[in-house]
Amino acid sequence: TSRHAMKLNIKVGADKDGTIRVIDIDALSDTGAYGEHASTTFGLVGEKTLPMYGNLNAARFKGNVVYTNKTPAGALRGYGATQGCFAVESTINKLAAKLNMDPVDIRLKNIIKEGETSPAYNKELNSVALDRCIKKGKELINWDEKYPYKEISPTKVRIIADSTKTNVEYFNTPNVMDVAGGHL
C-alpha cells in the first residue's frame with residue numbers, strides 16, 4: 001500500500017498586517033485501484049488542517065477522489081492530515097515571505113487559541129496549547145539566531161524551517177473538543 005497521492009491548490013487571503021482572513025483548499029486525491037480509505041483520508045485533509053487557523057472570515061475545503069490503476073492507497077501515519085498540513089503550511093510560509101514577516105510570528109498571530117471557536121467544527125476549543133508549543137520550539141532551537149539563515153562559511157549556509165500541525169480529538173462529552181498541538 002502507499003500514501004494517498006494528492007494535488008492540493010491552496011489559496012490564502014490576508015491583510016497587510018498578516019491577519020489571515022480566508023483559507024481555500026481544493027484537493028485531488030488518488031486512492032489507487034480500490035477505495036477502502038478514500039473518503040476518510042480525503043476528509044481529514046480539511047478536517048485536520050482548517051482548525052489550526054481560527055479567526056477566518058471564510059474557509060472552504062473541496063475536491064475530488066479518483067480511482068486509478070495504481071497500487072491502492074492505505075491508512076498511513078498522518079492519514080490525510082500530512083498532505084493537507086504540508087500544503088497549507090507551505091502556503092503560509094509563502095505568505096510570510098510576501099509580507100516580509102517571520103513565519104513563526106504569522107502563525108502565532110493567526111493560530112487558534114484556547115476558548116476560540118473552530119471554523120471547521122463550530123465548537124469552542126477547551127484545550128489548545130499550540131501557541132505555547134510554537135513559542136517553546138522557537139526558544140529551544142534558537143529561532144531568532146538562525147532565521148532566515150545562518151552563514152557557516154563563505155560557501156555554506158544553514159537554514160531553518162517552521163511548520164505546524166494539530167490533532168483534534170473528540171470526547172463523549174457534548175460540545176467539548178481537545179486539540180493536541182505539535183510544532184517542528
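Rules and cut-offs
- Residues numbered from 1 in each chain as written.
- Predicted model: local features only at pLDDT ≥ 70, side-chain atom pairs only at ≥ 80, totals over all residues.
- Heavy atoms only, no water.
- Helix = DSSP H or I, 4+ residues; strand = E, 2+ residues; numbered from the N terminus.
- Buried < 20%, exposed > 50% of the residue type's maximum accessible area, 1.4 Å probe, protein only.
- Contact = heavy atoms within 4.5 Å.
- Polar contact = N/O pair within 3.5 Å; in protein donor to acceptor, adjacent residues only side chain to side chain.
- Lys, Arg positive; Asp, Glu negative; His and termini not counted.
- Salt bridge = Lys/Arg side-chain N within 4 Å of Asp/Glu carboxyl O.
- Pairing = 2+ DSSP bridges.
- Axes fitted to C-alpha atoms, helices over the stretch in contact; angles between N-to-C directions.
- Parallel < 35°, antiparallel > 145°, perpendicular 65-115°, else oblique.
- Left-handed = near helix turned anticlockwise from the far one by under 90°.
- Nonpolar A, V, L, I, M, F, W, Y, C, P; charged D, E, K, R; others polar.

1. Quick notes on the overall build of the protein chain
Along the protein chain, the regular secondary structure elements total 5 helices and 8 strands. Along its sequence from the N terminus, the protein chain presents helices and strands in the succession β-β-α-β-α-α-β-α-α-β-β-β-β. When each of the 184 residues of the protein chain is scored for burial, the buried share is 39%. Sequence-distant contacts, at least 24 apart, represent 66% of the contacts inside the protein chain between residues at least 6 apart.

2. Here's the deal with helix 3 (residues 103–110)
Counting buried positions along helix 3 gives 6 out of 8 residues, so the element sits mostly inside the fold. Among all positions of helix 3, only Pro-103, Val-104, Ile-106, Arg-107, Leu-108 and Asn-110 are buried. Where helix 3 begins, the capping side chain belongs to Asp-102, and its oxygen is found 2.8 Å from the backbone nitrogen of Val-104.

3. Quick word on the side chain of Asp-131
Mapping Asp-131 onto the fold places it in helix 4 (residues 130–140). No salt bridge forms around the buried Asp-131; measuring N to O, its nearest opposite-charge neighbour Arg-132 is 4.5 Å away. Beyond its immediate stretch of four places on either side in the chain, Asp-131 contacts Leu-108 and Ile-111.

4. Considering the pairing of strand 1 (residues 5–14)
Strand direction decides the pairing type here: strand 1 and strand 2 (residues 20–32), joined by 10 bridges, are antiparallel. Among the inter-strand pairings, Lys-7 is bridged to a residue of strand 2, identified as Leu-28. What sits between strand 1 and strand 2 in their antiparallel hairpin is a turn of 5 residues, with Gly-18 showing a positive phi close to 95°.

5. Focus: the sheet that holds strand 3 (residues 58–67)
Read from one edge to the other, the open sheet built from 3 strands follows the order 1-2-3, with strand pairing classed as mixed. Of all strands in the sheet, those bounded by a partner on one side alone are strand 1 and strand 3. Here the average twist between neighbouring strands, direction ignored, is 10°. The sheet contact formed by strand 2 and strand 3 spans 10 bridges and is parallel. Directly across from Gly-32, in strand 3, lies its bridge partner Tyr-67. Here helix 2 (residues 81–98) sits on the sheet in contact with strand 1 and strand 2, set at roughly 35° to strand 1.

6. Description of the packing of helix 2 against helix 3
Running from N to C, helix 2 and helix 3 point in directions that differ by 110°, and their axes come no closer than 9 Å. Taken as axis vectors, helix 2 and helix 3 run roughly perpendicular relative to one another. Judged by the twist between their axes, the crossing of helix 2 over helix 3 is right-handed. Along its contact with helix 2, which presents Glu-89, Ile-92, Asn-93, Leu-95 and Ala-96, the element helix 3 presents Pro-103, Ile-106 and Arg-107. Per-class residue counts for the contact of helix 2 with helix 3 are 5 nonpolar, 1 polar and 2 charged.

7. Thoughts on unusual backbone geometry
Along the chain, Tyr-147 connects to Pro-148 via a cis peptide bond; the corresponding omega equals 0°. Relative to the helices and strands, Pro-148 is located in the loop between helix 5 (143–146) and strand 5 (149–153). For Asn-100, which is not glycine, the phi dihedral falls at a positive 55°. Note on placement: Asn-100 falls in the loop between helix 2 and helix 3. For Asn-100, a relative accessible area of 73% corresponds to the exposed category. Here the phi dihedral of Asn-142 falls at roughly 55°; this positive angle occurs in a residue that is not glycine. Secondary-structure assignment places Asn-142 in the loop between helix 4 and helix 5. By relative accessible area, Asn-142 is classed as partly exposed at 35%.

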